[in-house]
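Each chain, written out:
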Amino acid sequence: MKLATWNVNSLKVRLPHVLQWLEANPIDVLCLQETKLTDDKFPVAELEAAGYQVAFTGQKTYNGVAILSRFPLHDVVKNNPRFADESQRVISATIEGIRVVCAYIPNGQAVGSDKYQYKLRWLDALHDWLADELKSHDQLALLGDYNIAPDDRDVHDPAAWAGSVLVSDPERAEFRRLVDLGFKDAFRLFEQPEKIYSWWDYRMMAFRRNMGLRIDHILLSPMLAARCTGCVIDKLPRKWEQPSDHTPVIAELA
DNA sequence: ATGGCTTGCGCTGCAAGA
(Lines give C-alpha, C1' and ligand atoms only; values in the text may rest on other atoms or scores of the structure.)
Protein backbone atom coordinates (compact mmCIF):
# COMPACT_ATOMS: atom_id res chain seq x y z
CA MET A 1 0.00 0.00 0.00
CA LYS A 2 1.54 3.30 -1.10
CA LEU A 3 0.26 6.63 0.21
CA ALA A 4 1.45 9.94 -1.18
CA THR A 5 0.90 13.69 -0.83
CA TRP A 6 1.49 16.46 -3.35
CA ASN A 7 0.71 20.17 -3.34
CA VAL A 8 0.04 20.64 -7.06
CA ASN A 9 -0.44 24.44 -7.09
CA SER A 10 -3.51 24.33 -9.38
CA LEU A 11 -4.87 20.97 -10.51
CA LYS A 12 -6.14 22.67 -13.67
CA VAL A 13 -2.56 23.37 -14.73
CA ARG A 14 -1.02 20.24 -13.19
CA LEU A 15 -3.50 17.50 -14.12
CA PRO A 16 -1.18 16.23 -16.90
CA HIS A 17 1.65 15.99 -14.35
CA VAL A 18 -0.53 14.13 -11.86
CA LEU A 19 -1.63 11.64 -14.51
CA GLN A 20 1.92 11.20 -15.80
CA TRP A 21 3.26 10.71 -12.29
CA LEU A 22 0.57 8.17 -11.35
CA GLU A 23 1.26 6.25 -14.54
CA ALA A 24 4.90 5.88 -13.56
CA ASN A 25 4.34 5.31 -9.83
CA PRO A 26 2.10 2.60 -8.33
CA ILE A 27 0.37 4.89 -5.83
CA ASP A 28 -2.78 3.62 -4.09
CA VAL A 29 -3.78 6.83 -2.32
CA LEU A 30 -2.74 10.33 -3.39
CA CYS A 31 -3.62 13.41 -1.34
CA LEU A 32 -3.60 16.69 -3.26
CA GLN A 33 -3.47 20.25 -1.97
CA GLU A 34 -4.01 23.63 -3.63
CA THR A 35 -6.27 22.22 -6.32
CA LYS A 36 -7.72 25.76 -6.72
CA LEU A 37 -10.86 24.36 -8.36
CA THR A 38 -14.51 24.66 -7.46
CA ASP A 39 -16.15 21.23 -7.20
CA ASP A 40 -18.00 21.63 -10.52
CA LYS A 41 -14.61 21.94 -12.28
CA PHE A 42 -12.90 18.95 -10.60
CA PRO A 43 -11.58 16.52 -13.26
CA VAL A 44 -13.52 13.49 -12.03
CA ALA A 45 -13.74 11.71 -15.38
CA GLU A 46 -10.02 11.99 -16.17
CA LEU A 47 -8.99 10.63 -12.77
CA GLU A 48 -11.56 7.83 -12.82
CA ALA A 49 -10.30 6.85 -16.27
CA ALA A 50 -6.85 6.56 -14.68
CA GLY A 51 -8.27 4.10 -12.14
CA TYR A 52 -8.89 6.38 -9.16
CA GLN A 53 -11.93 7.14 -7.07
CA VAL A 54 -11.99 10.72 -5.85
CA ALA A 55 -13.17 12.83 -2.93
CA PHE A 56 -12.62 16.56 -3.04
CA THR A 57 -13.60 19.92 -1.68
CA GLY A 58 -12.58 23.13 -3.34
CA GLN A 59 -13.21 26.83 -3.85
CA LYS A 60 -12.38 29.50 -6.36
CA THR A 61 -8.75 30.70 -6.67
CA TYR A 62 -7.38 29.43 -3.35
CA ASN A 63 -6.89 26.21 -1.35
CA GLY A 64 -8.79 23.05 -2.29
CA VAL A 65 -7.91 19.45 -1.33
CA ALA A 66 -8.60 16.00 -2.75
CA ILE A 67 -8.00 12.30 -2.11
CA LEU A 68 -7.50 9.96 -5.07
CA SER A 69 -7.74 6.25 -4.28
CA ARG A 70 -7.54 2.92 -6.08
CA PHE A 71 -9.75 1.51 -3.30
CA PRO A 72 -13.21 2.64 -2.20
CA LEU A 73 -13.42 5.77 -0.05
CA HIS A 74 -15.67 5.51 3.00
CA ASP A 75 -16.98 8.08 5.48
CA VAL A 76 -15.73 11.17 3.66
CA VAL A 77 -15.61 14.24 5.92
CA LYS A 78 -14.83 17.73 4.64
CA ASN A 79 -12.87 20.15 6.83
CA ASN A 80 -12.29 20.00 10.59
CA PRO A 81 -15.71 19.70 12.24
CA ARG A 82 -14.28 21.52 15.27
CA PHE A 83 -13.12 24.61 13.37
CA ALA A 84 -15.32 27.00 11.43
CA ASP A 85 -13.25 27.84 8.34
CA GLU A 86 -14.33 29.14 4.95
CA SER A 87 -11.08 27.85 3.43
CA GLN A 88 -11.33 24.35 2.01
CA ARG A 89 -8.20 22.83 3.54
CA VAL A 90 -9.05 19.36 4.87
CA ILE A 91 -10.69 16.20 3.57
CA SER A 92 -10.73 12.78 5.21
CA ALA A 93 -11.78 9.28 4.19
CA THR A 94 -11.36 5.69 5.34
CA ILE A 95 -9.55 3.53 2.79
CA GLU A 96 -8.79 -0.15 3.41
CA GLY A 97 -9.24 0.45 7.13
CA ILE A 98 -6.91 3.46 7.20
CA ARG A 99 -8.27 6.86 8.17
CA VAL A 100 -6.59 9.20 5.68
CA VAL A 101 -6.57 12.91 6.53
CA CYS A 102 -5.43 15.24 3.73
CA ALA A 103 -4.56 18.74 4.94
CA TYR A 104 -3.39 22.02 3.48
CA ILE A 105 -2.16 23.83 6.56
CA PRO A 106 -2.16 27.65 6.27
CA ASN A 107 1.02 29.31 5.09
CA GLY A 108 1.11 32.00 7.77
CA GLN A 109 2.60 34.68 5.48
CA ALA A 110 4.81 36.38 8.11
CA VAL A 111 5.50 35.85 11.81
CA GLY A 112 3.12 37.98 13.85
CA SER A 113 0.69 38.68 11.02
CA ASP A 114 -3.05 37.95 11.19
CA LYS A 115 -2.48 35.00 8.88
CA TYR A 116 0.21 33.67 11.24
CA GLN A 117 -2.20 33.84 14.19
CA TYR A 118 -4.79 32.06 12.05
CA LYS A 119 -2.23 29.36 11.24
CA LEU A 120 -1.51 28.73 14.93
CA ARG A 121 -5.23 28.67 15.84
CA TRP A 122 -5.86 26.36 12.91
CA LEU A 123 -3.12 24.01 14.11
CA ASP A 124 -4.51 24.06 17.68
CA ALA A 125 -7.89 23.01 16.36
CA LEU A 126 -6.33 20.31 14.15
CA HIS A 127 -4.48 18.95 17.19
CA ASP A 128 -7.60 18.78 19.35
CA TRP A 129 -9.66 17.16 16.60
CA LEU A 130 -7.00 14.54 15.75
CA ALA A 131 -6.52 13.71 19.43
CA ASP A 132 -10.13 12.52 19.37
CA GLU A 133 -9.91 10.92 15.94
CA LEU A 134 -7.03 8.76 17.18
CA LYS A 135 -9.31 7.31 19.85
CA SER A 136 -11.57 5.83 17.18
CA HIS A 137 -8.95 5.15 14.46
CA ASP A 138 -5.86 3.07 15.35
CA GLN A 139 -4.69 3.45 11.77
CA LEU A 140 -4.60 7.15 10.99
CA ALA A 141 -2.37 9.01 8.54
CA LEU A 142 -2.11 12.80 8.25
CA LEU A 143 -0.71 13.70 4.85
CA GLY A 144 -0.27 17.14 3.40
CA ASP A 145 1.43 20.46 3.02
CA TYR A 146 2.15 21.44 6.63
CA ASN A 147 3.95 24.66 5.77
CA ILE A 148 6.34 23.81 8.62
CA ALA A 149 9.95 22.66 8.36
CA PRO A 150 10.14 20.69 11.64
CA ASP A 151 13.90 20.78 12.10
CA ASP A 152 16.97 22.65 10.87
CA ARG A 153 17.83 19.51 8.87
CA ASP A 154 14.76 20.36 6.81
CA VAL A 155 16.03 23.82 5.82
CA HIS A 156 18.70 24.55 3.19
CA ASP A 157 20.06 27.55 5.11
CA PRO A 158 18.92 27.45 8.74
CA ALA A 159 20.73 30.69 9.63
CA ALA A 160 19.02 32.65 6.86
CA TRP A 161 15.61 31.19 7.74
CA ALA A 162 15.96 31.41 11.54
CA GLY A 163 12.79 32.69 13.19
CA SER A 164 10.86 33.27 9.98
CA VAL A 165 7.53 31.80 8.96
CA LEU A 166 7.64 28.03 8.23
CA VAL A 167 10.47 27.51 10.74
CA SER A 168 9.54 29.70 13.75
CA ASP A 169 9.46 28.13 17.21
CA PRO A 170 5.68 28.39 17.70
CA GLU A 171 5.08 26.61 14.38
CA ARG A 172 7.61 23.90 15.22
CA ALA A 173 6.00 23.56 18.65
CA GLU A 174 2.66 22.91 16.93
CA PHE A 175 4.30 20.22 14.79
CA ARG A 176 5.77 18.64 17.94
CA ARG A 177 2.36 18.72 19.64
CA LEU A 178 1.02 16.62 16.76
CA VAL A 179 3.94 14.23 17.09
CA ASP A 180 3.30 14.05 20.85
CA LEU A 181 -0.13 12.57 20.07
CA GLY A 182 1.84 9.49 19.04
CA PHE A 183 2.42 10.20 15.36
CA LYS A 184 5.71 9.42 13.64
CA ASP A 185 7.16 11.49 10.80
CA ALA A 186 7.35 8.71 8.18
CA PHE A 187 10.36 10.32 6.48
CA ARG A 188 12.40 10.21 9.71
CA LEU A 189 11.62 6.56 10.42
CA PHE A 190 14.42 5.78 7.98
CA GLU A 191 17.98 6.84 7.37
CA GLN A 192 17.83 9.57 4.73
CA PRO A 193 20.39 11.45 2.66
CA GLU A 194 21.09 15.04 3.74
CA LYS A 195 19.51 18.09 2.11
CA ILE A 196 16.29 16.42 0.98
CA TYR A 197 13.44 18.90 0.54
CA SER A 198 9.87 18.93 -0.78
CA TRP A 199 9.51 22.59 -1.84
CA TRP A 200 11.71 25.08 -3.67
CA ASP A 201 10.88 28.70 -4.51
CA TYR A 202 10.19 29.35 -8.18
CA ARG A 203 12.60 32.29 -8.04
CA MET A 204 16.38 32.54 -7.79
CA MET A 205 16.88 29.20 -9.53
CA ALA A 206 16.19 27.75 -6.09
CA PHE A 207 15.61 24.22 -7.35
CA ARG A 208 18.83 24.02 -9.32
CA ARG A 209 20.68 25.33 -6.27
CA ASN A 210 18.71 22.99 -3.96
CA MET A 211 17.56 25.95 -1.85
CA GLY A 212 14.58 24.09 -0.44
CA LEU A 213 12.54 23.24 2.63
CA ARG A 214 10.93 19.98 3.73
CA ILE A 215 7.41 21.16 4.54
CA ASP A 216 5.27 18.33 3.10
CA HIS A 217 4.88 15.45 5.50
CA ILE A 218 3.25 12.12 6.27
CA LEU A 219 2.50 11.56 9.96
CA LEU A 220 1.54 8.00 10.88
CA SER A 221 -0.25 6.72 13.97
CA PRO A 222 1.76 4.12 15.95
CA MET A 223 0.05 1.17 14.28
CA LEU A 224 0.73 2.55 10.80
CA ALA A 225 4.29 3.53 11.70
CA ALA A 226 4.85 -0.12 12.61
CA ARG A 227 3.65 -1.09 9.11
CA CYS A 228 5.78 1.51 7.31
CA THR A 229 8.59 0.07 5.19
CA GLY A 230 9.84 3.22 3.48
CA CYS A 231 9.36 6.92 2.85
CA VAL A 232 10.83 8.93 -0.02
CA ILE A 233 10.48 12.32 -1.67
CA ASP A 234 10.33 12.08 -5.45
CA LYS A 235 11.87 15.27 -6.79
CA LEU A 236 11.60 14.20 -10.42
CA PRO A 237 8.32 16.07 -11.16
CA ARG A 238 9.97 19.30 -9.99
CA LYS A 239 12.22 19.01 -13.06
CA TRP A 240 9.35 18.80 -15.53
CA GLU A 241 8.09 21.68 -17.69
CA GLN A 242 5.92 24.12 -15.73
CA PRO A 243 6.20 22.24 -12.42
CA SER A 244 4.47 22.71 -9.10
CA ASP A 245 6.84 24.29 -6.58
CA HIS A 246 6.22 21.21 -4.36
CA THR A 247 7.07 17.61 -5.14
CA PRO A 248 5.45 14.36 -3.93
CA VAL A 249 6.20 12.51 -0.68
CA ILE A 250 5.50 8.76 -0.65
CA ALA A 251 5.14 6.30 2.25
CA GLU A 252 4.94 2.54 1.74
CA LEU A 253 3.02 0.34 4.17
CA ALA A 254 3.36 -3.44 4.51
C1' DA B 1 18.74 44.01 -1.34
C1' DT B 2 11.99 41.73 0.70
C1' DG B 3 13.15 41.47 -5.38
C1' DG B 4 13.56 37.36 -7.93
C1' DC B 5 8.40 33.22 -10.27
C1' DT B 6 3.75 31.18 -10.85
C1' DT B 7 -1.19 31.12 -10.59
C1' DG B 8 -5.97 33.00 -10.73
C1' DC B 9 -8.90 36.57 -12.03
C1' DG B 10 -10.21 38.60 -16.04
C1' DC B 11 -8.40 42.02 -19.18
C1' DT B 12 -4.98 45.33 -15.62
C1' DG B 13 -2.04 44.79 -12.54
C1' DC B 14 -2.59 42.77 -8.07
C1' DA B 15 -3.01 39.20 -4.25
C1' DA B 16 -1.05 35.13 -2.49
C1' DG B 17 2.04 31.62 -2.09
C1' DA B 18 6.40 29.93 1.06
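Each chain has its residues counted from 1, running along the sequence as written. Each chain is given a letter, starting from A, and each ligand a number, starting from 1, according to the order in which they appear as written. Totals for whole chains, interfaces and linings use all residues, but because this is a predicted model, local features are given only for residues with pLDDT of at least 70 and pairs of side-chain atoms are given and counted only at 80 or more. The side-chain quantities take in all heavy atoms of the structure and omit both hydrogens and water.

1. Observations regarding the protein's contact with DNA strand B
Piece 1. Nearness is judged by heavy atoms alone; a residue qualifies as near a molecule or strand once a single heavy atom is within 4 Å of it. Lining the immediate environment of DNA strand B, one finds 25 residues, of which Ser-10, Glu-34, Lys-60, Asn-107 and Arg-203 sit closest.
Piece 2. For DNA strand B, a phosphate oxygen lies 3.3 Å from a polar atom in the side chain of His-246.
Piece 3. By definition, any uninterrupted DSSP run of H or I lasting at least four residues is a helix, any uninterrupted run of E lasting at least two residues is a strand, and each is numbered from the N terminus. The element that contributes the greatest number of residues to the surface near DNA strand B is helix H1 (residues 11–24), accounting for three residues.
Piece 4. Considered class by class, the residues forming the surface near DNA strand B number eight nonpolar, nine polar and eight charged. Residues adjacent in sequence count toward polar contacts only when both atoms are side-chain atoms; beyond that, a polar contact is any pair of N or O atoms within 3.5 Å, and within protein one must be able to donate a hydrogen and the other to accept it. For this classification, the nonpolar set comprises Ala, Val, Leu, Ile, Met, Phe, Trp, Tyr, Cys and Pro, the charged set comprises Asp, Glu, Lys and Arg, and every other residue, Gly included, is treated as polar.

2. A word on the sheet that holds strand S4 (residues 65–69)
Piece 1. For two strands to be treated as a pair, DSSP must find no fewer than two bridges joining them. Here six strands make up an open sheet; going across it, the order is S3-S4-S2-S1-S14-S13 and the pairing mixed. Looking at strand neighbours, the two that pair on one side only are strand S3 (53–57) and strand S13 (228–233), the edges of this open sheet. Neighbour-to-neighbour, the strand axes of this sheet turn through a mean angle of 10 degrees, independent of strand direction.
Piece 2. Relative to strand S2 (residues 29–33), strand S1 (residues 2–7) runs parallel, the two sharing five bridges. If you follow Ala-4 over to S2, its bridge partner there is Leu-30. Comment: axis = line fitted to C-alpha atoms, over the contacting stretch for helices; angle = value between 0 and 180 degrees taken between N-to-C directions.

3. Re the pattern of salt bridges
Between side chains of opposite charge, pairing is possible as soon as their charged atoms come close.
Piece 1. Definition used for salt bridges: Asp or Glu carboxyl oxygen within 4 Å of a side-chain nitrogen of Lys or Arg. Taken as a whole, this structure holds twelve salt bridges when the rule is applied.
Piece 2. Here Lys-119 and Glu-171 are joined by a salt bridge, their closest N and O atoms 2.5 Å apart. A residue pair is termed long-range when its members are at least 10 positions apart, and Lys-119 in helix H3 (residues 114–136) and Glu-171 in helix H5 (residues 169–179) qualify at 52 residues. Each member of the pair, Lys-119 as well as Glu-171, is classed as buried.
Piece 3. With its nearest N and O atoms 3.2 Å apart, the salt bridge here joins Arg-172 to Asp-152. You can see Arg-172 sitting in helix H5 and its partner Asp-152 sitting in the loop between strand S8 (140–145) and helix H4 (158–161), a full 20 residues away along the chain.
Piece 4. Burial classes follow relative accessibility: with a 1.4 Å probe on protein chains only, a residue under 20% of its type's maximum area counts as buried, one over 50% as exposed, and anything between as partly exposed. Residue classification places Arg-172 among the buried positions, given a relative accessible area of 12%.

4. Looking at the UniProt feature "site: Transition state stabilizer" (unreviewed entry) in chain A
Piece 1. UniProt positions are given in the numbering used here, feature names are shortened, and annotations may be inferred rather than shown by experiment. Taking the numbering used here, the UniProt-annotated feature "site: Transition state stabilizer" (unreviewed entry) corresponds to Asn-147.
Piece 2. Mapped onto the fold, Asn-147 is located in the loop between S8 and H4.
Piece 3. When near neighbours in sequence (up to four residues on either side) are disregarded, Asn-147 contacts Tyr-104, Ile-105, Pro-106, Asn-107, Lys-119, Leu-166, Glu-171 and Ile-215.
Piece 4. Only 2.8 Å separates the side chain of Asn-147 from the backbone oxygen of Ile-105, close enough to count as a polar contact. It only takes one pair of heavy atoms within 4.5 Å for two residues to be counted as in contact.

5. Considering the sheet that holds strand S9 (residues 184–185)
Piece 1. Ordered in space as S5-S6-S7-S8-S12-S9, the six strands form an open sheet in which the pairing is mixed. In this open sheet, the two edge strands, each paired with only one partner strand, are strand S5 (74–78) and S9.
Piece 2. Inspection of the sheet shows strand S6 (residues 90–95) paired to strand S7 (residues 98–104) by six bridges, in the antiparallel sense. Of the residues in S7, the one forming a bridge with Ile-91 is Cys-102.

6. Details of H1
Piece 1. In this analysis, the expected span of each helix is defined as 1.5 Å times one less than the number of residues it contains. With 14 residues, H1 should reach 20 Å at 1.5 Å per residue; the first-to-last C-alpha distance of 18 Å fits that figure.
Piece 2. Remark: the principal bend of H1, roughly 25 degrees, maps to His-17.
Piece 3. Of all the residues in H1, the buried ones are Leu-11, Arg-14, Leu-15, His-17, Val-18, Trp-21 and Leu-22.
Piece 4. Buried residues along H1 sit in contact with S1, S2, helix H2 (44–49), S4 and strand S14 (249–253). In this scheme, the bend at a residue equals the angle between the axes fitted to the seven residues that finish there and the seven that begin there.

7. Re the UniProt feature "site: Important for catalytic activity" (unreviewed entry) in chain A
Piece 1. Annotation from UniProt places "site: Important for catalytic activity" (unreviewed entry) at Asp-216.
Piece 2. Mapped onto the secondary structure, Asp-216 falls in strand S12 (residues 216–220).
Piece 3. For Asp-216, a relative accessible area of 1% puts it in the buried group.
Piece 4. Leaving out residues up to four positions away in the same chain, Asp-216 has contacts with Asn-7, Gly-144, Asp-145, Ser-198, Trp-199, His-246 and Val-249.
Piece 5. A polar side-chain atom of Asp-216 sits 2.6 Å from a polar atom in the side chain of Ser-198.

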